Amino acid sequence: MVRLPLKQLLEDNPKKVLVLDGGQGTELENRGIKVANPVWSTIPFISDSFWSDESSANRKIVKGMFNDFLNAGAEILMTTTYQTSYKSVSENTPIKTLSEYNNLLTRIVDFSRVCIGEDKYLIGCIGPWGAHICCEFTGDYGPDPQSIDFYKYFKPQLDNFNKSDKLDLIGFETIPNVHELRAILSWDESILSKPFYIGLSVHEHGVLRDGTTMEEVAKVIKGLGDKINPNFSLLGINCVSFNQSPDILESLHQVLPNMALLAYPNSGEVYDTEKKIWLPNSDKLNSWDAVVKQYIGSGARIIGGCCRTSPNDIQEISTAVKKYT
Ligand SMILES: [Zn+2]
C-alpha cells in the first residue's frame, strides 16, 4: 500500500495537518467549463467525448486543475462529484439507469485517481440533499424536514463510494440542516463502511444555516455515545465565510475538544444560488497565514479551500501549514 490508511496517518502523527485542494467547481468555471447547470461540476463527465477522446478540451481542463492543486501543495484532493447524486443526474442528464450511473461514478473516481497519483489521498465528495434544490446556504429543508428520506437520496452514491478502493475518505459537504446531520450520523458501518467526514454549512453568525447552535451539534454527536459509527473520522466546516471561519472552527473545538476537525472556507465572496453567480467580498480581513494558524490551534487536521479558492490559495495554505506544524 502506497498510502497509510488516512485514520492511521492522523492517529499516528498527532501533529500532521493535511493540505486539501481548493474549490473544484468554481476552479473548473474559471477554466472555461460552464458549471451553472443542475449537476454543476459533474457536467464535463456527462459527454461521451470526455471518455472517448483523450485530447478532449474538458479532459485537459480537469487534469490541469488537479495538477495545479497538486503543485500548490495539496496532499488530499476531492472528486468533482458534489452534485452527482443519482437523483440530480437521472433527472437532468441522459444517464437514467442505476448501472449507467454507477459506470459514471466509477469512471470519475478512476480518472481522478489517475490524475492525482497513488501517493495522494482521494475524497469521494458528496453534496448535501439541499444542493439539488439550491438550499445548502439557507438550510431551509421545507416544512417537514424530519420526514425527508435522506438515505434514499444518498444511497446510490454511497454504495458506489463505499466499494471503491481508489477512495480514502467520503466527504459529506456543506450540510446545512440538523435533520440531515442526524440522519448521516445514524448510519452504521453497513451503510457507511468507509471513513467519512461531515463538513457543516455554517452561517457567519456561527450557527448551522438552519439556526442550530454548535452546542446542539455537539449534543447530537455526544448523544450517540458508543453507537457512533467508528468510520466518522472528522467534523468541520466548509464553504463558510473566510473572515468568520476561524471563530466558527474554534466554537466547534470548544464543544468537541477531542474531535479531529477540518476547515475549508470559501473565498468570502457570496454565492447567489438563484443566479448562480458570486458577489464580491468587499473586505478580506485575514490572510491565509493568520487563518491557518488559528485553525491549527483549534484542532484542524485537514485544511483547504472551498468555492472560489484557487491553486494560489492552496499554495498560501501549504506554506502556512508548514510554518505552524
Ligand atoms: Zn463551496
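Residues numbered from 1 in each chain as written. Predicted model: local features only at pLDDT ≥ 70, side-chain atom pairs only at ≥ 80, totals over all residues. Heavy atoms only, no water.

The name an unreviewed UniProt entry assigns to the protein chain is homocysteine S-methyltransferase, from the organism Saccharomyces kudriavzevii. According to the UniProt record, the Catalytic activity (unreviewed entry) comment for the protein chain is "S-methyl-L-methionine + L-homocysteine = 2 L-methionine + H(+)". Looking at the protein chain in UniProt, the text filed under Subcellular location (unreviewed entry) is "Cytoplasm". (UniProt positions renumbered as here; feature names shortened; annotations may be inferred.)

Engineer: For this particular structure, what's the right way to read the layout of surface pockets?
Structural biologist: Empty space among the atoms becomes apparent when a probe as large as a water molecule is rolled across them. One number sums up the size of the largest pocket: a volume of about 370 Å³. Residue lining of the largest pocket: 22 residues in total, with E204, S241, G268, E269 and V270 positioned closest to the centre. In the lining of the largest pocket, the residues fall into ten nonpolar, eight polar and four charged. Here the residues of the lining of the second largest pocket sort into twelve nonpolar, three polar and four charged. (1 Å grid on protein atoms, 1.4 Å probe; cavity = no way out; pocket = protein on both sides within 12 Å on 5 of 7 lines; lining within 4 Å. Points joined across faces, edges and corners; volume = space filled by probe spheres on them. Nonpolar A, V, L, I, M, F, W, Y, C, P; charged D, E, K, R; others polar.)

Engineer: Is there a simple way to explain the pairing of strand β10 (residues 300-303) in this structure?
Structural biologist: In regular strands, side chains alternate between the two faces of the sheet. Examined bridge by bridge, strand β1 (residues 18-19) and β10 share two bridges and lie parallel to one another. Note that in β10 the partner of V19 across the bridge is I303. (Pairing = 2+ DSSP bridges. Helix = DSSP H or I, 4+ residues; strand = E, 2+ residues; numbered from the N terminus.)

Engineer: How do you make sense of the environment of Q146 when you look at a structure like this?
Structural biologist: The topology assignment puts Q146 in the loop between β3 (121-126) and α8 (150-163). Judged by its relative accessible area of 55%, Q146 is exposed. Each C-alpha atom, one on Q146 and one on H179, is 6.0 Å from the other, the two residues being 33 residues apart in sequence. (Buried < 20%, exposed > 50% of the residue type's maximum accessible area, 1.4 Å probe, protein only.)

Engineer: Sorry if this is basic, but what is going on with the coordination of the zinc ion here?
Structural biologist: In an ideal tetrahedron of four donors about a metal, each angle is 109.5 degrees. In an ideal octahedron of six donors, the angles are 90 or 180 degrees. Taken together, C239 (SG), C306 (SG) and C307 (SG) make up the full set of protein donors to the zinc ion, lying 2.2 to 2.3 Å away. Counting the intervening residues between successive donors of the zinc ion yields the motif C-x66-C-C. Taken together, the residues C239 in the loop between β6 (232-238) and α11 (245-255) and C306 in the loop between β10 and α13 (311-324) connect sequence positions 67 residues apart. Assigned by exposure class, C239 and C306 land together as buried. (Donors = N, O, S within 2.8 Å, 3.2 Å for Na, K, Ca; no water.)

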